[in-house]
Amino acid sequence: MKRSKKIIFAVHCLLNQNARAQTVAKCPGPVKEFLKYCIKNDYGIVPIDCPQLKFEPLIRDPETKEFYDNKTSREASREVIGRVIEQIKLYQKNNYKVCGIFGVEGSPTCGAIKTHIRDENGESASVKEPGIFFEELKKVMDSAGLSVDIYDWDIQAKKMLK
Ligand code: SF4
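Residues numbered from 1 in each chain as written. Predicted model: local features only at pLDDT ≥ 70, side-chain atom pairs only at ≥ 80, totals over all residues. Heavy atoms only, no water.

(A) Fine view of the nonpolar core. Phe 9, Leu 14, Phe 34, Ile 101, Phe 134 and Leu 137 are the most contacted members of the largest nonpolar core, which has 40 residues in total. Leu 137 has contacts with Ile 81, Val 84, Ile 85, Ile 101 and Ile 150, leaving out every residue within four places of it along the chain. (Core = buried A, V, L, I, M, F, W, Y, C linked by side-chain atoms within 4.5 Å. Buried < 20%, exposed > 50% of the residue type's maximum accessible area, 1.4 Å probe, protein only. Contact = heavy atoms within 4.5 Å.)

Right, here's the structure in full:
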């Protein structure tokens, strides 16, 4: 069978919502609409390890970005990013097209376009900025001179966000 030679990178929970913090899983297993989108475009999917599960329990409460803005969380992200960068280089070196890196809309860690912060009333609020993992990823990609488009997948809206 002919290879498409088209790859995307996807954060872990797009393929496994069981990894998410309690109450924020949007479906029982993989995000079906995201998989359909990948199948339609013949994208091979490279999963990105869950950064939170490197230092947090599987059963945990949802938090905002401030909670994860610390050394432990950023180091865990950097550890995951190291492998992502290696794999991007590997595919690009072999003339594959890396068509995007997908985060999850709203995550304090893996939101690529939108995350959640605490507002002045102490309430969780959606804002247009990346979570901790994507902040770190962008820094590393810039310093490595790598350019790949970055998106969120909005699970509720069933579409990508640029
Ligand atoms: S840290 Fe990222 S991969 Fe892990 S559950 Fe949260 S959004 Fe998904």
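(B) Molecular detail of the site of the ligand. Taken together, His 12, Cys 13, Ala 19, Arg 20, Cys 50, Pro 51, Gln 52, Arg 60, Ser 107, Thr 109 and Cys 110 make up the full set of residues adjacent to the ligand. Classifying every residue of the shell around the ligand gives five nonpolar, four polar and two charged. (Near = heavy atom within 4 Å. Nonpolar A, V, L, I, M, F, W, Y, C, P; charged D, E, K, R; others polar.)

(C) Quick look at the environment of Lys 138. Examined against the element boundaries, Lys 138 turns out to sit in helix α4 (residues 132-144). Expressed as a C-alpha distance, the spacing of Lys 138 and Ala 157, which sit 19 residues apart in the sequence, is 25 Å. Setting aside chain neighbours within four positions, we find Lys 138 in contact with Ala 112, Pro 130 and Ile 150. (Helix = DSSP H or I, 4+ residues; strand = E, 2+ residues; numbered from the N terminus.)

(D) Quick look at the packing of helix α3 (residues 71-93) against α4. Where α3 contacts α4, the two axes come as close as 9 Å, and the packing angle between them is 50°. When the axis of α3 is compared with that of α4, the two are oblique. When you trace α3 past α4, the crossing you get is right-handed. Contacts from Ser 73, Arg 74, Ser 77, Arg 78, Val 80, Ile 81, Val 84 and Ile 85 in α3 reach Ile 132, Phe 133, Glu 135, Glu 136, Leu 137, Lys 139, Val 140 and Met 141 in α4. (Axes fitted to C-alpha atoms, helices over the stretch in contact; angles between N-to-C directions. Parallel < 35°, antiparallel > 145°, perpendicular 65-115°, else oblique. Left-handed = near helix turned anticlockwise from the far one by under 90°.)

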